[in-house]
Amino acid sequence: MSRSPKTCPALEAALARHAAADPTPLATTPAARLYRVTSRHGPAILKLYPRGHAGNEAPAAALMAAWGPPMVRIHAHATDSLLMEPLDGPSLGELSRKGQDHSANALLAATARALHASRPAATPGLTPLASYLAPLFDTGFAPDCPVALRKAITTAQSLARSLLDTSPQPVPLHGDLHHDNVILTPNGPRAFDAKGLLGDPAFELANALRNPRGIPQLLRTPRRLATARAECAKALDVPEPRLAAWAAVKCAHSIALRTRGTVTTDPEADLLALLLSDPHIQHI
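Cut-offs applied
- Residues numbered from 1 in each chain as written.
- Predicted model: local features only at pLDDT ≥ 70, side-chain atom pairs only at ≥ 80, totals over all residues.
- Heavy atoms only, no water.
- Pairing = 2+ DSSP bridges.
- Helix = DSSP H or I, 4+ residues; strand = E, 2+ residues; numbered from the N terminus.
- Contact = heavy atoms within 4.5 Å.
- Salt bridge = Lys/Arg side-chain N within 4 Å of Asp/Glu carboxyl O.
- Buried < 20%, exposed > 50% of the residue type's maximum accessible area, 1.4 Å probe, protein only.

Draft legend 1. Structural detail: the sheet that holds strand β11 (residues 197-199). Sheet architecture is open: three strands sit in the order β6-β11-β8, paired in mixed fashion. Either end of the sheet is taken by a strand with one partner, and the two such strands are β6 (127-128) and β8 (171-173). In the sheet, β6 pairs with β11 via two bridges, with the strands oriented parallel. Residue pairing in the sheet places P128 in a bridge with L198 of β11.

Draft legend 2. Quick peek at the pairing of strand β9 (residues 182-185). One ladder, built from four bridges, connects β9 with strand β10 (residues 188-191); its direction is antiparallel. Within β10, the position partnered with T185 by the bridge is G188. In sequence, β9 turns back onto β10 through a hairpin of two residues.

Draft legend 3. Local environment of the pairing of strand β2 (residues 33-39). As judged from the five bridges shared by strand β1 (residues 21-28) and β2, these two strands associate in the antiparallel manner. Considered in β2, the bridge of A21 is made with T38. Between β1 and β2, which pair antiparallel in sequence order, lie four residues. Looking at chain direction, β2 and strand β3 (residues 42-48) are connected through seven bridges and run antiparallel. The partner of Y35 across the bridge, within β3, is L46. Where β2 folds back on β3, the antiparallel hairpin that results is connected by two residues.

Draft legend 4. Main features of unusual backbone geometry. That bond from P69 to P70 is cis: its omega, 10°, falls within 30 degrees of zero. Tracing the backbone shows P70 in the loop between α2 (60-66) and β4 (74-78). Between N211 and P212 the backbone carries a cis peptide bond, its omega angle lying at 5°. Note that P212 resides in the loop between β11 and α8 (216-219). Located in the positive-phi region is D22, a residue other than glycine, with phi close to 55°. Counting through the fold element by element, D22 comes out in strand β1. Of note in this structure, D193 is not a glycine but carries a positive phi near 55°. Turning to its location among the elements, D193 is positioned in the loop between β10 and β11.

Draft legend 5. Highlighting the environment of I284. You can see I284 is positioned in the segment after α11 (269-276). Along the chain, I284 and R17 lie 267 residues apart, while their C-alpha atoms are 49 Å from each other. When sequence neighbours within four positions are dropped, the list of residues in contact with I284 reads L159, S162, L163, P241, R242 and A245.

Draft legend 6. Inspection of the pattern of salt bridges at higher detail. Taken as a whole, this structure holds 14 salt bridges when the rule is applied. Of the charged contacts, one joins D180 and R97 as a salt bridge, the two residues approaching to 2.8 Å between their closest N and O atoms. In this pair, D180 sits in the loop between β8 and β9 while R97 sits in helix α3 (residues 92-97), placing the two residues 83 residues apart along the sequence. Take R97: its relative accessible area is 36%, and that puts it in the partly exposed class. Across the pair R229 and E240 runs a salt bridge whose closest N-O atoms are separated by 2.8 Å. Separated by eleven residues along the polypeptide, R229 in helix α9 (residues 222-236) and E240 in helix α10 (residues 240-258) bring together distant segments of the chain. Given a relative accessible area of 8%, R229 falls into the buried group. Each member of the salt-bridge network shares a partner with another, and the members are R210, R258, D266 and E268.

Draft legend 7. Fine view of the side chain of N211. As for its position among the elements, N211 is in the loop between β11 and α8. You can call N211 buried: its relative accessible area is 5%. Discounting chain neighbours no more than four positions away, the residues touching N211 are H178, H179, L219 and R224.

Okay, here's the thing in structure tokens:
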């Protein structure tokens, strides 16, 4: 294995563990650093978690490794890193932001349909959906939190409890399947960055209705929302009201995470109100 003067001890250890070499930095996220490397599998991507663990993505590695296409191929994984196939091409989010939102939504729906047609049996350690949503249930409100937002979060909390109480048999879930977590490669769409959840299949595309980032006005267009919701529900073969309700819950959950347990205000407050106004939710 070649040694680069730019590597840090954690990177060097991960390279050695996965028999990889020649790291070239690709991207940095709040949780990970990505490198293009060479390996015995050919060109690959090394995802390194500088904290030494994958955080809320930890349960996902084994699940992704067990899942076939269109999930990204995982060559190897460890506590602090994983080695996966390279994903060359635009994300579906990029397509949406470039004016191809209809095509991006159709590709996302097709990806979800293909994933759930071939999902593996539950792998050990998957996070129950109720546990994943705990920050929403535990959140509180600052004195200056607007009344409307407080009411919306409280409504979403009640909705989440109802959905969990009436959930069908839980299945393995990617858990964060949206436009920017799917790359359109020369071999077709590939999903990545799974959370590794276990829960209601109707939750799988809940986050898709508030994504991708960068087109806030389009996301708040009722016609776009209705079309995307119907397409997602059909792809997963789930009731549209449950997907609509999970979309609102996921939006509230994201607000709770961003505000770190004490809601004041949030740029998605209006989107949450829009999602909760969906008449489909009245049928839950």
